Amino acid sequence: MAMVRVAVRVKVYGRVQGVFFRSSMKDVADELGVEGWVRNVDDGTVEAVIAGDEEKVKKLVEWCHRGPPLAKVEKVKVEKIGEPGPLRGFRIMR
């Protein structure tokens, strides 16, 4: 069966900054083999773009609903987007 490539933009609300959300998300993304980036936003949320195999992207989005142990995720918004351009691995943006 052929791999279906998808890309999504995720916005995570709650206690998600200062709790190792970005570094934990990078670890999970690297394990899954998806590409993209994650960053803190000035409004206290975390935003990410995730691209790759549909099933693997879905797994990382599911992880976002829990986050790392110190996080308290209140809400996750997911938006399908077009191909985000050339990505190499998964990066933490500053």
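Look up: the structure comes first, before these words.
Residues numbered from 1 in each chain as written. Predicted model: local features only at pLDDT ≥ 70, side-chain atom pairs only at ≥ 80, totals over all residues. Heavy atoms only, no water.

**Section: the overall build of the protein chain**
Here comes step 1: Secondary structure summary: the protein chain contains two helices and five strands in total.
Here comes step 2: Counting from the amino terminus, helix and strand elements in the protein chain follow one another as β-α-β-β-α-β-β.
Here comes step 3: Compactness check: the protein chain gives a C-alpha radius of gyration of 12 Å against a globular reference of 12 Å for 94 residues, within 12% of the reference.
Here comes step 4: Projecting the C-alpha coordinates of the protein chain onto the three principal axes gives extents of approximately 40 × 20 × 20 Å. (Helix = DSSP H or I, 4+ residues; strand = E, 2+ residues; numbered from the N terminus. Rg over C-alpha atoms; globule rule 2.2 N^0.38 Å.)

**Points about the pairing of strand S1 (residues 5–15)**
Here comes step 1: When S1 meets strand S3 (residues 46–53), the two strands line up antiparallel, connected through eight bridges. Residue pairing for S3: Arg9 is matched across the bridge by Val49.
Here comes step 2: Alignment of S1 against strand S4 (residues 72–80), held across eight bridges, turns out to be antiparallel. When the bridges of S4 are listed, Arg15 appears paired with Lys72. (Pairing = 2+ DSSP bridges.)

**What to know about the pattern of salt bridges**
Here comes step 1: Across all of its chains, the model carries five salt bridges by this definition.
Here comes step 2: For Arg9, the salt bridge goes to Glu47, with nearest N and O atoms at 3.5 Å. Here the residue Arg9 occupies a position in strand S1, and Glu47 occupies one in strand S3, the gap between them amounting to 38 residues.
Here comes step 3: We classify Arg9 as partly exposed; its relative accessible area is 30%.
Here comes step 4: Its relative accessible area of 12% is what places Glu47 among the buried residues.
Here comes step 5: Here Lys26 ties to Asp30 by a salt bridge, and the two come within 2.7 Å at their closest N and O atoms. (Salt bridge = Lys/Arg side-chain N within 4 Å of Asp/Glu carboxyl O. Buried < 20%, exposed > 50% of the residue type's maximum accessible area, 1.4 Å probe, protein only.)

**Some remarks on the packing of helix H1 (residues 21–32) against helix H2 (residues 54–64)**
Here comes step 1: Between H1 and H2, the least distance of the axes is 10 Å, while the angle of their chain directions is 155 degrees. Regarding the angle of H1 to H2, the classification is roughly antiparallel. Crossing hand, H1 versus H2: right-handed. Contacts between H1 and H2 pair Phe21, Ser24, Met25, Val28, Ala29 and Leu32 from the former with Lys56, Lys59, Leu60, Trp63 and Cys64 from the latter.
Here comes step 2: Looking at the contact of H1 with H2 residue by residue, the classes come out as eight nonpolar, one polar and two charged. (Axes fitted to C-alpha atoms, helices over the stretch in contact; angles between N-to-C directions. Parallel < 35°, antiparallel > 145°, perpendicular 65-115°, else oblique. Left-handed = near helix turned anticlockwise from the far one by under 90°. Contact = heavy atoms within 4.5 Å. Nonpolar A, V, L, I, M, F, W, Y, C, P; charged D, E, K, R; others polar.)

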